[in-house]
Amino acid sequence: MDLSSHHFHTYTLGMANQNNFETNSEEIRLFPLGLVLLPSAPLSLRIFEKRYKLMISECLDYGYNFGVLLIKTGTEVGGGAKPHSVGTLARILDWNRQDNGNYHIYAQGTKRFRLEQITQEKPYMMGKISYIYDMQENIDGQLLSNCRDLMRELDSLVSNITGEWESSQHISTNPTDLSYAIAASVGRPPLVAQYLLQIPTTQERLERSLPILQEQIKLIRTKLAKNPRFQRYNLN
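Residues numbered from 1 in each chain as written. Predicted model: local features only at pLDDT ≥ 70, side-chain atom pairs only at ≥ 80, totals over all residues. Heavy atoms only, no water.

Moving on to the overall build of the protein chain. For the protein chain, the helix and strand inventory stands at five helices and seven strands. With 236 residues in all, the protein chain has 46% of them scored as buried. Here the analysis covers contacts within the protein chain between residues at least 6 apart in sequence; of these, 69% occur between residues at least 24 apart. Of the roughly 12,800 Å² that the protein chain leaves accessible, carbon and sulfur atoms contribute 48%. (Helix = DSSP H or I, 4+ residues; strand = E, 2+ residues; numbered from the N terminus. Buried < 20%, exposed > 50% of the residue type's maximum accessible area, 1.4 Å probe, protein only. Contact = heavy atoms within 4.5 Å. Areas by Shrake-Rupley, 256 points an atom, 1.4 Å probe, with all protein chains shown as cover.)

This part takes up the pairing of strand β7 (residues 126-132). Each regular strand shows side chains that alternate between the opposite faces of the sheet. Most of β7 sits inside the fold, with six of its seven residues counted as buried. Bridging between strand β1 (residues 26-33) and β7 involves four bridges; their strand directions are antiparallel. Looking across to β7, one finds that Glu26 is bridged to Ile129. Connecting strand β6 (residues 103-120) to the next strand, β7, in antiparallel fashion are five residues. (Pairing = 2+ DSSP bridges.)

It is worth spelling out the environment of Gly80 at this point. Within the element layout of this structure, Gly80 appears in the loop between β3 (66-73) and β4 (82-83). As for Gly80 and Lys122, which are separated by 42 residues in sequence, their C-alpha atoms are 9.9 Å apart.

Compared with the 36 Å implied by 1.5 Å per residue over 25 residues, the 36 Å span of helix α5 (residues 202-226) between its first and last C-alpha is a close match. The largest bend along α5 reaches roughly 30 degrees and is located at Leu210, with the proline Pro211 sitting one to four residues downstream. Its side-chain oxygen placed 3.3 Å from the backbone nitrogen of Glu204, Thr201 serves as the N-cap of α5. (Expected span 1.5 Å × (residues − 1). Bend = angle between axes of the 7 residues up to and from the residue. Polar contact = N/O pair within 3.5 Å; in protein donor to acceptor, adjacent residues only side chain to side chain.)

Attention shifts here to the packing of helix α3 (residues 175-186) against α5. Orientation of α3 relative to α5, taken along the N-to-C sense of each, is 35 degrees, at an axis distance of 9 Å. Where α3 crosses over α5, the handedness of that crossing is left-handed. Contacts from Pro175, Thr176, Leu178, Ser179, Tyr180, Ile182, Ser185 and Val186 in α3 reach Thr202, Arg205, Leu206, Ser209, Ile212, Leu213 and Gln216 in α5. Partitioning the contact of α3 with α5 into residue classes produces eight nonpolar, six polar and one charged. (Axes fitted to C-alpha atoms, helices over the stretch in contact; angles between N-to-C directions. Left-handed = near helix turned anticlockwise from the far one by under 90°. Nonpolar A, V, L, I, M, F, W, Y, C, P; charged D, E, K, R; others polar.)

On average, residues of the protein chain score 85 in pLDDT, and 83% of them are at 70 or above. Under a pLDDT of 50 for its full length, residues 1-18 has, in the predicted model, 34 contacts with residues more than four places off or in other chains. (pLDDT = per-residue confidence, 0-100.)

Enumeration according to the criterion identifies four aromatic pairs in this entry. Centre to centre, the rings of Phe31 and Phe66 are 6.1 Å apart; their planes meet at 50 degrees, and the pair counts as tilted. Placement of Phe31 in strand β1 and of Phe66 in strand β3 is noted, with a sequence separation of 35 residues between them. Through pairs of rings, three or more aromatic residues link up here, namely Phe31, Tyr52 and Phe66. One Lys or Arg, Lys111, reaches over the ring of Tyr131 and ends 4.0 Å from the middle of that ring. (Phe/Tyr/Trp six-rings, centres within 6.5 Å; stacked < 30°, edge-to-face > 60°. Lys NZ or Arg CZ within 6 Å of the ring centre and 35° of its normal.)

Below, the discussion takes up the pairing of strand β5 (residues 86-97). Where β3 and β5 come together, three bridges link them in antiparallel fashion. Its bridge partner being in β5, Val68 is matched across the sheet by Thr88. Examined bridge by bridge, β5 and β6 share 10 bridges and lie antiparallel to one another. Looking at β6, one finds that Arg97 is bridged to Tyr103. Hairpin remark: β5 followed by β6, antiparallel, with five residues in the connecting loop; positive phi at Gly101, about 90 degrees.

So, in structure tokens, the structure goes:
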């Protein structure tokens, strides 16, 4: 997807949105990555750097969660990465430790947070954060219906490509969960997902996601129509 075709607002989540934050701050372990973790989304990571093996071992030993932040500048490996300020807390669901000490962990995004201050950079990053929640609001019923219908359509198109049947029954009826599911489906490149993650309300996230979702579907339909492998499928 070409980011230049979209006019994205810059959401700083500053004073104008203070009512979206919990007042109590918390210090957590941070994992800057080249991807965006969204609430409820799965995360599979192979941990091989010494500093992150230490961090993950502490999370496992003491039941800590950790925060995932998209890297703004720098790289995942070697340190020195500067992250975006809005990320998602990750909870480890399962893991295995290899003979060489590396980990393979399976986690899930839980809730959004804003990084207020980096408090430690070595051996791994830690920071003070405030959690962000979606404000209670009335969601436009037609918007919600349109988003659910388009997600069903996207699932059907993806099934044509993968050859695997995708059930539309998993599409959430909860507006906030649906908004994050859409963001996870169309959030490539990562800056698109970051943009959607930072939007303060469910209503606006759905509104902003809708044209991106429509463009994604249009792009997939065009590719399928041009590929002889998929011309046997009914794309109407």
